[in-house]
Amino acid sequence: MKGINIEDPVMNEFVSHFDLVNQLAEESEGFIWRLKDDENNATSFNPFNDEQIIINLSVWRNIESLEDYTYKTFHVDFLRRRREWFQKYGKAYYALWWIKEGNYPNIEEAVRRLEYLQENGPSSYAFSFQSAFQKP
């Protein structure tokens, strides 16, 4: 799979479900906001300067709402099949953290937190579902 990007035909099934999966997120209990471009997704953002990496950045009311969407909806089917489309990305491929109500994270912050989690492991600064920290 080396060298595959979002335009590669092997990604067609994944890409063809963007709108459905994004709509499901937006209609889910606890959803607040997500990063999106003019195409209604975030594939045009390339903070790692690598076409093989796509990002997803969203804000949820609480961990339980995000966890329900991630693991108890149609989304989980794509999560289970991620190896069909993506290579393993380091120790962590996502990071969670708490924000103040009304604030939205930016891409640079998301990259910093993911890199921190990769290098240092979970803390209140960046964590995963398996190592969640309580809201401050």
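Presented here is an overview of the structure given in this document.

Cut-off values and rules
Residues numbered from 1 in each chain as written. Predicted model: local features only at pLDDT ≥ 70, side-chain atom pairs only at ≥ 80, totals over all residues. Heavy atoms only, no water. Helix = DSSP H or I, 4+ residues; strand = E, 2+ residues; numbered from the N terminus. Rg over C-alpha atoms; globule rule 2.2 N^0.38 Å. Buried < 20%, exposed > 50% of the residue type's maximum accessible area, 1.4 Å probe, protein only. Areas by Shrake-Rupley, 256 points an atom, 1.4 Å probe, with all protein chains shown as cover. Lys, Arg positive; Asp, Glu negative; His and termini not counted. Charge placed at Lys NZ, Arg CZ, Asp CG, Glu CD. Salt bridge = Lys/Arg side-chain N within 4 Å of Asp/Glu carboxyl O. Expected span 1.5 Å × (residues − 1). Polar contact = N/O pair within 3.5 Å; in protein donor to acceptor, adjacent residues only side chain to side chain. Contact = heavy atoms within 4.5 Å.

1. Looking at the overall build of the protein
Then step 1. A tally of regular secondary structure across the protein gives five helices and two strands.
Then step 2. Reading the secondary structure of the protein in the N-to-C direction produces α-α-β-β-α-α-α.
Then step 3. Computed over the C-alpha atoms, the radius of gyration of the protein is 15 Å, within 12% of the 14 Å expected from 2.2 N^0.38 for a compact globule of 136 residues.
Then step 4. Taking the principal axes of its C-alpha atoms as reference, the protein extends roughly 45 × 35 × 25 Å.
Then step 5. Expressed as a percentage of the 136 residues in the protein, the buried residues total 38%.
Then step 6. Accessible surface, the protein as shown: approximately 9000 Å² in total, 47% of it carbon and sulfur.
Then step 7. Counting 15 positive and 22 negative side-chain charges, the protein places the centres of these two groups 8 Å from one another.

2. Looking at the pattern of salt bridges
Then step 1. For the structure shown, the criterion picks out seven salt bridges.
Then step 2. Taking the shortest distance from any N to any O, the salt bridge between Glu 13 and Arg 81 comes out at 2.7 Å. Of this pair, Glu 13 sits in helix H1 (residues 12-16) while Arg 81 sits in the loop between helix H4 (75-80) and helix H5 (107-120), placing them 68 residues apart in sequence.
Then step 3. We note a salt bridge from Arg 81 to Glu 84, for which the minimum N-O separation is 2.8 Å.
Then step 4. A relative accessible area of 25% means that Arg 81 is categorised as partly exposed.
Then step 5. Judged by its relative accessible area of 39%, Glu 84 is partly exposed.
Then step 6. Overlapping salt bridges bring together Glu 13, Arg 81 and Glu 84 as one network.

3. Here we look at H5
Then step 1. With 14 residues, H5 ought to run about 20 Å at 1.5 Å a step, and its terminal C-alpha atoms sit 20 Å apart, in line with that.
Then step 2. Among all positions in H5, only Ile 107, Glu 109, Ala 110, Val 111, Arg 113, Leu 114, Leu 117 and Gln 118 are buried.
Then step 3. You can read the cap of H5 off the contacts: a side-chain oxygen lies 3.1 Å from the backbone nitrogen of Glu 108, and it is on Asn 106.
Then step 4. Two residues or fewer after H5 comes Gly 121, characterised by a positive phi angle close to 85°.

4. Remarks on the environment of Arg 34
Then step 1. With respect to the helices and strands, Arg 34 occurs in strand E1 (residues 31-34).
Then step 2. In this structure the C-alpha to C-alpha distance between Arg 34 and Tyr 104, which are 70 residues apart in sequence, comes to 8.8 Å.
Then step 3. Those residues in contact with Arg 34 that lie beyond four places of it in its chain are Asn 22, Glu 26, Asn 40, Asn 41, Leu 57 and Ser 58.
Then step 4. Looking at Arg 34, its side chain comes within polar contact range of the side chain of Asn 40, at 2.8 Å.

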